[in-house]
Structures are given as structure tokens and as C-alpha cells.
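Letter by letter, the chains look like this.
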There are 4 protein chains.
Amino acid sequence: MPKLTGADVSKHNSKDSCWVIVHGKAYDVTEFLPEHPGGQKIILKYAGKDATEEFEPIHPPDTLEKYLDKSKHLGEVDMSTVEQEEKEFDPEEADREQRIKQMPPLAACYNLMDFEAVARKVMKKTAWAYYSSGADDEITMRENHSAFHKIWFRPRILVDVENVDTSTTMLGTNVSIPFYVTATALGKLGHAEGEVVLTKAAHKHNVVQMIPTLASCSFDEIVDAKQGDQVQWLQLYVNKDRSITKRIVEHAEARGCKGLFITVDAPQLGRREKDMRSKFSDAGSSVQAKSGEDVDRSQGAARAISSFIDPALSWKDIPWFKSITKMPIILKGVQRVEDVLRAVEAGVQGVVLSNHGGRQLDFARSGIEVLAEVMPVLRERGLENKIEIFIDGGIRRATDIIKALCLGAKGVGIGRPFLFAMSSYGLPGVDKAMQLLKDEMEMNMRLIGASKIEDLNPTMVDTRGLGVHSAPVPVDTLNLNAYDPLQGPRFAEKPKL
Amino acid sequence: MPKLTGADVSKHNSKDSCWVIVHGKAYDVTEFLPEHPGGQKIILKYAGKDATEEFEPIHPPDTLEKYLDKSKHLGEVDMSTVEQEEKEFDPEEADREQRIKQMPPLAACYNLMDFEAVARKVMKKTAWAYYSSGADDEITMRENHSAFHKIWFRPRILVDVENVDTSTTMLGTNVSIPFYVTATALGKLGHAEGEVVLTKAAHKHNVVQMIPTLASCSFDEIVDAKQGDQVQWLQLYVNKDRSITKRIVEHAEARGCKGLFITVDAPQLGRREKDMRSKFSDAGSSVQAKSGEDVDRSQGAARAISSFIDPALSWKDIPWFKSITKMPIILKGVQRVEDVLRAVEAGVQGVVLSNHGGRQLDFARSGIEVLAEVMPVLRERGLENKIEIFIDGGIRRATDIIKALCLGAKGVGIGRPFLFAMSSYGLPGVDKAMQLLKDEMEMNMRLIGASKIEDLNPTMVDTRGLGVHSAPVPVDTLNLNAYDPLQGPRFAEKPKL
Amino acid sequence: MPKLTGADVSKHNSKDSCWVIVHGKAYDVTEFLPEHPGGQKIILKYAGKDATEEFEPIHPPDTLEKYLDKSKHLGEVDMSTVEQEEKEFDPEEADREQRIKQMPPLAACYNLMDFEAVARKVMKKTAWAYYSSGADDEITMRENHSAFHKIWFRPRILVDVENVDTSTTMLGTNVSIPFYVTATALGKLGHAEGEVVLTKAAHKHNVVQMIPTLASCSFDEIVDAKQGDQVQWLQLYVNKDRSITKRIVEHAEARGCKGLFITVDAPQLGRREKDMRSKFSDAGSSVQAKSGEDVDRSQGAARAISSFIDPALSWKDIPWFKSITKMPIILKGVQRVEDVLRAVEAGVQGVVLSNHGGRQLDFARSGIEVLAEVMPVLRERGLENKIEIFIDGGIRRATDIIKALCLGAKGVGIGRPFLFAMSSYGLPGVDKAMQLLKDEMEMNMRLIGASKIEDLNPTMVDTRGLGVHSAPVPVDTLNLNAYDPLQGPRFAEKPKL
Amino acid sequence: MPKLTGADVSKHNSKDSCWVIVHGKAYDVTEFLPEHPGGQKIILKYAGKDATEEFEPIHPPDTLEKYLDKSKHLGEVDMSTVEQEEKEFDPEEADREQRIKQMPPLAACYNLMDFEAVARKVMKKTAWAYYSSGADDEITMRENHSAFHKIWFRPRILVDVENVDTSTTMLGTNVSIPFYVTATALGKLGHAEGEVVLTKAAHKHNVVQMIPTLASCSFDEIVDAKQGDQVQWLQLYVNKDRSITKRIVEHAEARGCKGLFITVDAPQLGRREKDMRSKFSDAGSSVQAKSGEDVDRSQGAARAISSFIDPALSWKDIPWFKSITKMPIILKGVQRVEDVLRAVEAGVQGVVLSNHGGRQLDFARSGIEVLAEVMPVLRERGLENKIEIFIDGGIRRATDIIKALCLGAKGVGIGRPFLFAMSSYGLPGVDKAMQLLKDEMEMNMRLIGASKIEDLNPTMVDTRGLGVHSAPVPVDTLNLNAYDPLQGPRFAEKPKL
């Protein structure tokens, strides 16, 4: 078969017939458009063109193989006939490249927030927006960390803490410290190697990695990267087509995954306006848009009906999952005590109290707050050992981990901080981030008077402020403007020369 | 009758004899001055002059016909004899016109706040001030939205939400989503076509429009603009002269209005200082004012005795309203549970828990907070189905709507956001604003685990923080100034060239 | 007797012998130094010199007559022999004079905060500092107003409020509105005529004026300024020498005062650092001070032992006061319910719940908060009509007055706002300030559904937030710095020319 | 023995063999490196070099004698053979020296915060960072003072407070005011004379000084500086080698110390990032660090295993302490009521409720909050007189002291404020700081209605807000940006020339 030419492809440049080139091959994605989890707009931008550079960082290499029917694979393109687009000079991008040259050394990062502060300045705008954004007003996203600040310690003194052991188990796996690397999508946005960077760091620190359904690396690449008896779990978005889901689950089990985390808080992907706005200069500033005729209303719906995520997933599906795998099943995204009790009844091995990092429903409560609601009820009913409770969202300090464990969590998931460390400093960054947590953990265990994980208990925290979602009375502007604030002693004027 | 001349009119340029020209005709408004709802100052500014440009956007075309006795209609004026006033160059207005040229495209508006942010920069100063202002310190106005932030979700998971139906009924009318366009005055301040823009958008999205007494368009213009079986309600300020009120109500019923919303929170119009200040450069900066002699004290009183709004309206009037109309009667502006109970006794069909958008009594509580007080009492007494409860004030996100419905509201009214959308982008703006709410609504229903309106219930919200009106202890200035805040890693200096 | 010369006086320029000239006469104030309520430093600055300009605004004309023994009156000075000090150019003062030229017209003041905002810019630095300052960190001073923001309304609707009557009585006197002008010291700092300006405004608006012990005008000047049947009260600092106090009280009663308000919250005058700092450039920047040798430690003590205020005043003194006057006795500065009960037992006619405008003990609670504690206890014991309860501190809006009355206060005292109005705009300013309160009062009574003062009751307010003195958890700086806040739609760049 | 030469020493410039010169003598510190409480990095910076200037301010003169085995004392160095390092010009240091010239006079300091504000600008960067820093996010450090702001007064009136006596006793010692100078390390960082400055000030004001284990002056220097019957206490870090601890305790008792304060909140020294960052330019900016290879992971561990502080210290050690000394034993750093009860059982004489100035465990509660939890339990069990309760942390005002005493504390410790006063103004600074507290104390005792310490009781404070650790709902950015805040009256433009 003769190769296609750029001209052949370029004719199919609309919704009605949409071809794109990826890695030198052409594909007909016309029918796929409405199912694309990232929306059709972004594909249409490359309709009739070479989309490789945009495609690369956000899709596993086997994506087209797996998700696009063979009949839509149109064959090779003679790339010498494809017109190269010149890139415009982008002053924001130039600034970013300058900032990268001035980047602080890794040794200047003392905590997990520091990686985020660096990442914000050195990451590509769209990558930063994708990782850092949350749903709607990002209230829940910020509350996730803020909630930890409502919990204070009641430390014990005069406890022998010479030897502190931070190791514990999760779902039967021994880990060196009670956190795991939770699943986050599109790792290659932040680092060219993608999720395998996290695999390596997790190995080094003996913690579990949860492999995301929407990874940039393929599932097998990530599993291939594990070393020794390293343990991985699988995070699963349930496909409408259960045979696809079954294939994924069985493959994961075959490749040694030790836990199946079914995402239950995302029947539809959330709306992250910061992310949307970061892409706006590409897609939205046309003159027509101003007239209002071109308002894209399909996006909400498109996401919902995407076959990648089945909005019809329900409690009725749980027995089926139990029938297809022997891996422990954990529901990821449980948000109220009633559903934890139902999970116990359903016979799953664990739940993650999570709001998806604040990326789904704004004003969902933080995992740590839900935990404080859940554990007393479980204990009251004698169920606290029937199920493992994890939380994620907002963890930035070892003190956050300790608070979760005092309240009864088995472990906590950490996502964004490792992405930011990876995006800024690569593997050494993630390595350091984990080491910082370990150092903090050991120190703070000592300071709270606990030499091992089991010593952590609810009497060591004061949670009286936790449930209060207060917003102060709106500011009294006129009064505040009229007030003349106190000032300290005044330094003399610098003498003029 | 020979036409009047500009000279004839210009003699009547004082409180004692005040004539004005509108659309080429002269009127004697001397006796009307104290009754003018907008205060007499603004009329006196045009005493003896052509007031058309000022009059136009804030009065329905039939105003003078309806409210000014025929004997005060002085007949046509030979406009060629009327002196044209030159407009001064206004640098603020020039800036605004420049900003309009730089306006973001409609597609860049992702939520209802975005319209407000645009409107603030592109609306005429006085129009913005009229729409955006609230009573006194605007504490209640801001609390209205802020109160929603004290309510958090307890979402259900693993519910089949493939098909989400946001439709419901209000007062027997089917609507596609549980909000209605509430009544707001003076639509032409924001858009030349006025309230009919909202009529069209309401039709497109199958929601109810409430027609304001103080619309810029005439009532009939607004009714004429409805299409198909579109439903409208009437918002009513009760006139001291009940025969006028009776005429209005009967006319509305005859023209098909399906609900009578009697405003009960405005025996006197509130004092909105931002609005007053926006007009100040016109009326207040005279030298005399500085001496204190010219302090206008009549304004407060004038508003109170205005025959447009009867401050004597009381519970005793309700039976009379029931006698003159078959429309359902709803009290708009109820603010405590005792009065909801009384409304049930009085046999009205509904109440709107509202503080008039924060434009009347500052420190009135938000509708959503009152709702949380009202519903448990109604349920306790088995009255929750005897009356439909609506709220308005501060709704900006579909999550706000969902919170209200979880707590027991039948629907919510939205006002300002649509005005800002209309003022910035016209009908496409309002259309998009409504569509955004619909998209948010469908998504958030999915995320909270509700496939239809009836699924929303009080267990899905956490309202523990709602009743607390806290103002933090005043800031400790000296201590704060002395504190040296933590800093993240430092980027290197940019090398000098 | 020959006149003294400047040279004679100038020899007595130290602590050991300190003479000053006032209005052309010399006085020996050596022994008086430690008793001076304003501290001795300020007198020593004029030791041996003409102090008239400094003396004038802060002392009643009869001060030296009344408080300095005749033997210390040294007689007339030949002023032609007294050296005139040249004033240095003061750039701050020049700026202030420029600002006065640009002052907003009175008509631009819409509320009581507006006067404060103007006063801050046009008052002399030291005068502003004296009026505006509070104790220590000014926490209580600011809390006084802030506390009102924790109280929200539960308005009644459908009440006939056509006629609103804001009049009431206080200690038997009819007043047009339930506030009085409370006592504040040193009126001439703000306005050349001093307290009589307030007398005139009080008359115009039919409210009571409380005459301060430390007025700039003499007591008789203030009484002479009253008109018709205008009512005045006396605020009293109790002198160590009870015969002086007795003379003052009897004189006040003789001149028609209708209430004796004994200050009980000031056994020692508070420390107001803003005020101290405003005077610092005068007195503190000497080289010696830097060495630490010249630290003035006497000030605290001096104030305490000042014979003007007796720190030994106690409950045992109350019967004596009852024996020397028939005026009603009111304790001003009561701060807890136990002391209100004791006041009832002691048989006084009233108390003012007050913390002295936040000028005495920092972290004293606001009067309005104490009121909410006091009234339920009084009602429980059936004592609510045995005593009249007033409050002062932080009142800026009629809504504040209404809140106090709903909670059970008989009336409220207002101080600083009238001083700021007076200092900025003189009598017309105070007149307008009072009128603004009246307009607000009438409007807000209507809006809360009360046609007369007696209609105001505790069910009309929601005080759940009142008792909570919360300070949020300290800000999470690193996290906040790393967070990238959401932004609205972006306007296009302004095209370059 | 011939003197060593610079060349001899300079060969030992690595971890493997590390010699340093101090005061003209060489020492082999290779084996000591991992035990250095300040970390080994800082020593390695001077490996093979003269470290005197760095060593001097942070070690007592007898340090090397006491802690370094004689075999490591290498003898004198011929300093003429040691290369002098040239100092680079440091623009930050130059700015600081300029600021010192412009320093406010001492008389301009009106309160304890003022010293901190001055110190922040005139102290050496590293010294400031060491004194001012706290653990992790410095949340606890700031909460320490902030917690006092949640406590408000309920003052008594009409109490005879002519004579106010602020004296009291602590552990049997009479003091003029209920505070003591608590132990803080490294006094010479702030002032060349170190802790003896505090000794002198404490004597002058008749308060107790607690001598720190980690003082810059030697213990004996500090004891030698005491005058008359001045009382000192000893703060003790318990060494792994109990014989060293025993020696220290017995020596202190022999030299007259009257209390043994055993630190129990520091099994490991906290991580103070501000402090670490201040030293960063020295140690961290190497190219290798950027590669991530050089991450120093030993620091956390190093601190923990430091033989200076025994992390194995436990309740079992208490009887031993009782056996080696007759001094009262006080546990410093108790943080919950359970441990206070255990301390009573253990028979110690006192506890200090403290979190180590916020330098150890972040989110530990403030001493004042723990006090409010402790005292009611002690009183309930009749134990309130069995033990003396002290607190420290965040005390800046006499009102803070009064709050602690009302709640039941015997006295309070103050640390940083005196360091800042000393660092800025030397002994006169500390003297003034203490005097300010005394003046405030006397005044505020009067204003709260207490003439002696015993008059202070729990009814005088309102602590309802104390236990609430609230963090407001995250800010609603978009809404806030769209809001147009109210403005006061506008001043006219300044006329152009």
C-alpha cells in the first residue's frame, strides 16, 4: 500500500471527517470524537494535521491500538509531504525557560510545599493547570489541606522514643511508612518518563504505588519498572464495556497487582476551570465565539457519556468484581459513613475516604473530616477491623499523616506533591520528597510520644474544631478603611548623601 | 394648540414649578416630585430641560400615561427651540469604552461570577452601581453567597446516575431546572432591550420568569415577548391606592400570569450607598453642599411615603388579595419561621425566603439560612407539603441550588447574575449563563449521587457551620508586623546582561 | 506689682522649679507636675516658656483657677520680653493643610464611618491620635463594633409600618431617638469651640448630652449653651478629694443636670500607644533616651496616683453619692452581670455596660456582648425594670442601635463618631451625623417590622455567634504562597498606538 | 611540643579526618561530627581551618574542655602560618549595618512586640533566624500568642485598687511579678555578653532566671553574675550518659539553684525551616546539590541520636532524679492533662505547660489552652495545691500573664521577647522590657479590679472561644474579585501647578 500524503490527510479536517497523524501514521477519529475524555475540541484543532507533539505526553503508547478500531488505522504517511507548522514565539514560554535556568537547587526544598512552589514556576502552563486545578471554585481542594489545620495534638511525654518504627502494613503488604503513591493521570505532562519515575521512587522507599487507569505510560511499562518484591495496586475507572474492564482487571492481577481500587467518585469528570482557562488561548478566542453562536455545550454531556467511565456503576456491580478477581477490592472516593457501612456489608476489603483531590464535587468534605465521622461509628458497631480505611487529599506534612493515623486510618495516599517534585526535579525530587516525609515522620512520632504506629490513638488529637465550616461575616470595608492601624517604632530616615 | 417652546419650559426650573420634556412632550411634575421613587433630586436636575436620555432607560414607555394625571400633560414642544446641552468629556466613560473593545469573548466565561467580573468593567458606572449595590455595608448582600459556603456535601456513591433529570415543578409548572428568573428592576440600564431579553432566554431554557413591577419595559411588552406555553409570574409592589394594585393584578391574571409574588420585605426602599455615591458627581459637589445648608433630608421620608409602595401593607390585606385573583399567592421576602407558619395559616401557596438580594435590611440573614431553620419546623408539624418554599439571594453555582433543594426548597430565584450576563453580552450572555448552570447542575447531581430532584435530601448536606455568624478577633497588628513569614526556596537572580 | 519678664520665667525651666506662661500670666506648676493627668513630660517641654498654644485646646478656661492653688499664681508677664519661638516647617502639617483644601463636601458623607475617614486625613496628628486611639493593641476598641456584626436580624413582615416612631425615654427624659451623646474628653482638640458644638446639635435633634469631667470647655460654658428644656447629664471622674467631687455634683444638680454617670472603669487611665507615639517626635528622640538612662517610668504611677481619679473608689462610696444628690445615679463602665446585680442591690438607677470605648482594659468584652449576658439574668430574677441598662462602644449604624434595643438596652451612647464629624465639618457635620442615624433608624425600624421602640424584642435577633471569640488558626504561609488562585476572564491587552 | 602549622591542620579537611582551630588551638573532631547538636555540616565547612569566629557566639568557653576527650586536643597552632580568609562583601550585611545606624531610640519601644520589630531589622540574619523560628509551618509558634486572644476579660468594678501588689511566690521564692526568664539557648548570638545580661536584668526586677543547658555563657559564668539573694533555676536536657547529667545537677544544686526544670518535650530537636534556610547560602547551593546526590539525610537521625539529649528518657527516670537532688523537680513541656496527673503521682513539684515556644511539634496546643483543660480536672480531684503549674509560650502583654493567672497558673515563663530586647538594646533593653510588663501589670490589675495576685480567679475570664481551632472556609476568589468594595467620600484631586 502506498503511503498517504499530507495532502490526503489534510482534506479530513472537520467534525464530519477527522483524520490525524500520530507518529507517522494516520487515523480516522471521526466517530471517536464524542468519546474523547479530553473533549473533541482539542482533537479538532489537529484535524488533518500531525498531532504527535500534543498526543505524546498525554496518552500511553498503546492507546490507539487499544481504543481505536483497527478499521480506523489508515496506515503510514509520507512525512516529507506533511507541512511543518512554525511555532509562534511565546513570551510566557520564554519566561518559563529563563526561570528554569534560575531554579533553586533541590537542597533548598525543605518540605512538600516547596516542590509545589517551584513547579508552579517551571512547569509548562497547561501541565501546571492540569495538575494543580480543582473543581469549580477549588474550595474542596484547598479545604483538603486546611482541614488538617483544625486538628491539634495532645502529645504524650516521657515515653521512650529512642527507636521509632514507622513501618506498618496495608492490605497485607509491609511498608516503611504509612503512605502510598496514589493514582494521578498523565504523568508525562510533568516529566518525559512519566509514571515510572514514581515506580522507582516507591521502590527506593518501600512504599506502594497505585497505577492509574489514565497513566501516560502504559500499564505494562509501569509494571515492568518495578523491582524485587515491590508491590503495586491498580486504580480502575470502570468502562461501560465490562469486557474491557474485565480484561484490565485480569491483566493487572496476572501481572501481580495486589489491590484493586475502584474509583467511585467520578461518574463524570469534574469541571476544572483553571485547567480550561489554561487552554483557552488555543481554542476559544475566535471572533465567532464572541457572538455566542459557538458555545460548546457538548462538553458536559460528552464527558458524561464517555464510555471510559460508566456513570451507571452501582452497588449492584460489586459482586461481579468479586467474581472476576482475587485481589482485595477497595472503593476509592467514599464520602459518608452510610456508604462505609454499606461497603462493609458488600464485603470489600477497604475504602478510601476521598474527594478525588478536590477535582470532582466542590464542597465535598475532606477525607480527614469524613474519617473523624466514620471511625467512631465503626468502633461502636465493632466493625473497625472488618475493613481498612484509607484517606487521601491535602496531605503535605508527616503531621497530617499522624493525624489520620491517630483517627484510625490504615494509611494515606499522596498524589500531587510527588507530581510536583517529579516535574521540577525528576526522580531525585520524588526521592527527596519521600525522604523529607520520612524524616518528618520519625521526628514527629518522637515528639508526640509514639515509638510505633500502633501507639497512635484518638486521645492524641483534639478535633473539636474539625466539623465547623465557618466563613467569617463579610468584611466591614468602610470601618476597616477608616481604622488607623498601630505601628511599631519608626527607624530614622536614611541620611541622604 | 401651538407647540410649546424651549423657553416656555425653561422657566419652570425649580421645586416650585417643575416642567420637564420627555420624547418631545412637556410635563408638569411639580406635585409628583415628592412621590418619585428615585428621589426628587434627579428630576430637579432636568427641571426646565429635556430629560429624555435620563428618563428612557429607567421607565417603561407607558409610565407617564399611567402615573401622571392627564392634567399635567402639557403637550408637544417644538424641539428646534430647545437648547442642546453639550456633553462634557468624561475620562471614566472614555476608559470604559476602551475596555469594551478589549472585552473577553463570551466563551471565556466559565461561571456566573465571570459575567459579574466583566460587567463591572464594561457597564456604565451608574448602571453597575444600581445593579451591584446593597444596603448599608453590604454585609447581607455578601453573606447571601457566603452562607452557601458553610454548607458542605455528604455525597452518595455507586448510584446509577447515567441519566440525570433536573426537571421539576414549581406552583404546578414544569421547568427544566429548579431555578427561575427573579424580578429585578430597571433592565434597560444594562441593556437597551430591557427585560424582554430575559423573557427570551427563559423560554429557551424552559424556566419561569418573574416580571418585576419596576421593569424598564412595560408589563405588556414583557408578556408579549413570551413564546408558546412559556410561564411568567408577577412580582408586585403593593400600591397605597389598592385600585391601582387591583388593576395590575387583574391585568396580569388576564394576560396569563401563573403566580402572584407579593413583595413583603420592602415597606421602604433600602439605602444603597454605593448607588448613591455613583450619582454623586452629578448632584452633590456644589459649593453650597459643603456649607451643610443643602443637606437633603427628604430622601428617607420621600421613599417611605411614596405611593408606589404601601408601608401599611399587613397580614390583614391577604384575604383581599385572595378575593381578587385566582393566581397562587406567594409572599416574597419572608425572613423567619414564625412568619412562614403564619403564611400557612393565611392560606397562601408559597413563600420566598429572601432579603431582597441584600438591598433592604443589612444583617438580615440569608434565605438559605432561614430555610434551614424553617424546614425542620414545618416537617415537625406536618406542614412541609402545605406550602412551596423558595429562596433567592447569592446563588451562583449549581451546587448552591442543590444545597437549597437538599434542605427542602422547591426552587431558587436568580437575579443579578442574569443582569450581568445581559449587560455584558446580551441574550447570548444570558443564554450561556443558564446553560452553564444546567451543565453544572447535571454534573453535580451526578457527583452527589442523585439522578432526579426528588433524590436530594437533608442527609446529603452538612450544615453544622451554617448558623454561626462569627467575626474573628480583630487582627493583632503589631504582632503580625513583627512576624517574619516563612518563605519557599529562592530562585536565583536573573543574570544581568 | 511690676510685671514679670520672660527672663524671670525662663530660669524656672526644670523639674525642680517649673514655671509656665498661660495667657500672659505666669504660674508655678512645680508641685503640680506629678498630678498632671497628661503626664509631666508635656509640661516640662514648656518649662520657663509660653505654653498658651498647647494649653488652650485641652483645658477649660477655668482650669488654673480651679486646680492650682492661688499661691502659685505668679501674676502678669510682660509678653514683649518673652522670646517667640519660631516654628519649624513641618511637612506632615503642610500635607494636612493641603488635604483640608481637597476635603470632600459634607454631602458626600453617607454614614458615620465616612466622617472618621475624613477626620483621619484632616485632623491634626495629635488630636487624631487622642480621639482615635485605644488601649494596648486596640483589640477591644475594634471588637466593640465588630461584636455587632455577630448579631443578625430576624425581621417580621407584613406589619403596618407606615408611621414609625423612634422616640423613647431615658431616665424619664423624652428623646427623639434612643441614643445620647456620651462624654468624651478634650473637645477643643478637634474643634475650636469644643463641646458646645455637641450641645447645639443635641438640642437640634432632641437627644441628651452627657457632659464630660475632662471637657475642654468649662462645665458652665456647656450648660450655658443648652436651649429650652434641653436635658444634660454629668459624667463624673471621682476625685480623691471628695469635697471637690461633692462641689462638682452639687453644682451640676443646681444647674439642672438630670443624671449622674459615675465612671467606674477607670481607676487608672489606660495606656494608648498610638496616642503616645503621636507625641513621640516631641519628647522622645533625644540621644540620651537611646542610652536607656532616660526611660520615664513615672508615667504609669503618675496616672494612677493622680488625684483627679480615685483608684480607691468602691461600692462603699455609693451610699454617700446617694446622700449628696437627688439626680439618678448611673454606673458607667460595668462589665459583668455580677456587678449589674450588685448595682441593683445598691439602689442605683442605671448602668452603662461599657469598656470606655476600648481605651482602658484591652480584651474587655464589648458592651453589646455583656448586655446579651445581663438581660436574661435580670429577666429571670424579675429585675429587668428595676434598672435602666445602657451600652456604649462601637455604635456606627442604626442597625447597631436596634440590636441593642432588641436585646433590652434602654439606649446607647455614641462618642467618637460625633467628635469626628465635629472635627471635620463642625456643627453641620454633627447635625448631619445625627440626621443620618435618624434616617437609618426610621428605615431600619420599618424593615425589621417595628413601628415603635417597644416593638423591638429579643426574638428579632439571632445572637448565636455573639459569644465566640475566635481567632483562626495561623495562616499556612507556604501553602498559600504555592497556591495559584483562580482568575476570571481576561481582557485583551490595550492595543499600542 | 612544637606548635602545629596551618598546613598541618589543613590536611584534615574532610569527614574522614576533620581538624579545626579554635582560639589558637587545634582539635580533632572527626568522631564528634555525628554528635554535634548543630549538625556536622557546619563543622565541615571549617574542616582544616580556623573556626573561632563561628564557634565563639554559640558555645560556652568550657565546651571543648567538657565535651571533647582530652586525646582530641591537639595543642597550639602557630597562627601566623594560618591563612586568613578574606570576607566577601555581603550586601545584606551592609544594609543591616546601615539600619543599625537608623535604629529607633529605646524610648520608642512601648511594648514587647516593638523589640521584636526592631530586632528583626538589626540582628544578624542567622541569629534572627535561630531565635525567631519555629517548627514546620510555625503554626504552633503563632498560635501560642494567638490563643490568648481567644480569652476575654470579665472585669470587676468598684474595687479599691489604690494599692496594687503584683508580687507572688514561685516554688517558695518571692518575686515581684509572676513571670520568670525562661531558658533559651545561644544568648551570644544576640549579644556579645550572652545570658549574663538576662541575669542582671532579672536581679534588677526581682524575678527568677532559668539557666539553659545550651547557654552561650558557661553555667558558672551565669551563676557568678547573680547578685544578693537572687534566685536561679536550672533547665536540663538529660544526657544519655546519666553520670554527666548527675554532675550537672549536683553542681547546680551546689551553686544554689532552687529548681530543676527537666525538659520533656524535646526527645529530638525540632526542624525549624526558617533557621535552616537562613544558613542555606553557606551550605546548600553547590552544583552537586542540584543533582540530588548530596542530599544530607543524616541530619534528622543525627539530632535524634545526639548524646546531648536522651530520647529514651521516661517516667521511669523520675525517681532517680529525686534521688540525686533536693531541688524541686519540675517537668517542662507537659502537654496534656493525663500527664499532669501522672506528674502529681510521680511526686514532682511542678510542671510547665509548654510546647517549647513552638519549636518542636507543630500543631501542639498552646500552654494556655492546655492550662484551661488542666485546672478544672485538678480542682475536681482536689489536686490544685499539690503541684505548681506554670506555662510559657506567646506571652507578650501583662494581660496575657493575667489570663494565665486567672486560669490558675502560678507564673509564666517569657523567653524570646527578652532575647529580642537584649539583641537590640542590650541590658537597657531587657530592663525596659521588664519595666513595661510591670507597668502594664499594675495598670491592668487595676482595670480588672484586682489589688493582689490572689484576687485573680476564673470568673474574671471568658474562655468560650479557647478550644476552637477553626480555619475559615477557603476564600471564594472569583466572587471576591468580582465584588466592588464600598468606598468612603472622595477627596478632590490635588490641583496641578
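Quick caveat, the model's predicted, so the values are computed rather than measured.

Novice: Sorry if this is basic, but what is going on with the interface of chain B and chain A here?
Specialist: As a measure of interface size, the accessible area lost when the parts come together is often cited. Contacts between the two partners involve 56 residues from chain B and, on the opposite side, 64 residues from chain A. Those elements that place two or more of their residues in the side of chain B that touches chain A are helix H8 (139-146), strand E4 (152-153), helix H20 (416-448) and helix H21 (477-482) of chain B. Ranked by the residues each element gives to the side of chain B that touches chain A, the list is headed by H20 of chain B, at twelve residues. Residues belonging to the side of chain B that touches chain A are distributed by class as follows: 26 nonpolar, twelve polar and 18 charged.

Novice: What is the right way to look at the interface of chain C and chain D in this model?
Specialist: Facing the 64 residues of chain C at the interface are 56 residues of chain D. With five residues, the single largest contributor to the side of chain C that touches chain D is helix H6 (residues 112-122) of chain C. In terms of residue class, the side of chain C that touches chain D is built from 31 nonpolar, 17 polar and 16 charged.

Novice: Hey, could you run me through the sheet that holds strand E3 (residues 73-76) of chain C in this one?
Specialist: Strand pairing in a sheet takes place through backbone hydrogen bonds and is either antiparallel or parallel in direction. Residue and element names in this part refer to chain C. What the three strands build is an open sheet, ordered E1-E2-E3; its pairing is antiparallel. One side of each edge strand has no neighbouring strand; the edge strands of this open sheet are strand E1 (19-22) and E3. Strand after strand, the sheet turns through a mean of 25° between neighbouring axes, direction not considered. Bridge analysis of strand E2 (residues 25-28) against E3 gives three bridges, and the strand direction is antiparallel. When the sheet's bridge partners are listed, Ala-26 is paired in E3 with Gly-75.

Novice: When you look at the domain arrangement of chain A in this model, what are you seeing that I'm missing?
Specialist: All names here are of chain A. The domain architecture assigned to chain A consists of domain 1 (6-81) and domain 2 (114-281 + 303-462). Here domain 1 and domain 2 have C-alpha centroids that lie 33 Å from each other. Across the contact, eight residues belong to domain 1 and eleven residues belong to domain 2.

Novice: Can you walk me through the pairing of strand E10 (residues 260-263) of chain A in this structure?
Specialist: As a general feature of sheets, a regular strand has side chains that alternate between the two faces. Residue and element names in this part refer to chain A. Side chains Leu-260 and Ile-262 project from E10 onto one buried face, and the interleaved Phe-261 and Thr-263 project onto a second face that is buried too. Of the pairings in the sheet, the one linking strand E9 (residues 232-236) to E10 comprises three bridges and is parallel in character. Along E10, the bridge assignment pairs Leu-236 with Ile-262. Once you follow E9 into helix H11 (residues 242-254) and on to E10, the crossover reads as right-handed. In this sheet, strand E11 (residues 329-334) lies alongside E10 in parallel orientation, the contact comprising four bridges. Across the sheet, Ile-262 pairs through a bridge with Leu-331, a residue of E11.

Novice: Can you help me understand the relation of the copies chain B and chain A in this one?
Specialist: Each of the two chain copies goes to the other by way of a rotation about an axis and a shift along it. Of the two same-sequence chains, chain B is brought onto chain A (RMSD 0.0 Å, axial shift 0.0 Å) by a rotation of 90°. What we have between these two chains is a four-fold relation. Among all C-alpha atoms of chain B, that of Pro-472 of chain B lies closest to the rotation axis, at 4.9 Å. The residues that chain B uses at the interface reappear at the interface of chain A in only 18% of cases, marking distinct surfaces.

Reading the values: the criteria
- Residues numbered from 1 in each chain as written.
- Chains lettered and ligands numbered in written order.
- Predicted model: local features only at pLDDT ≥ 70, side-chain atom pairs only at ≥ 80, totals over all residues.
- Contact = placed C-beta atoms within 7 Å.
- Helix = DSSP H or I, 4+ residues; strand = E, 2+ residues; numbered from the N terminus.
- Nonpolar A, V, L, I, M, F, W, Y, C, P; charged D, E, K, R; others polar.
- Pairing = 2+ DSSP bridges.
- Axes fitted to C-alpha atoms, helices over the stretch in contact; angles between N-to-C directions.
- Domains from an automatic or database assignment.
- Buried ≥ 20, exposed ≤ 12 C-beta atoms within 10 Å, placed from the backbone.
- Right-handed = clockwise from strand over helix to strand, strands pointing away.
- Least-squares fit on C-alpha atoms with pLDDT ≥ 70 in both.

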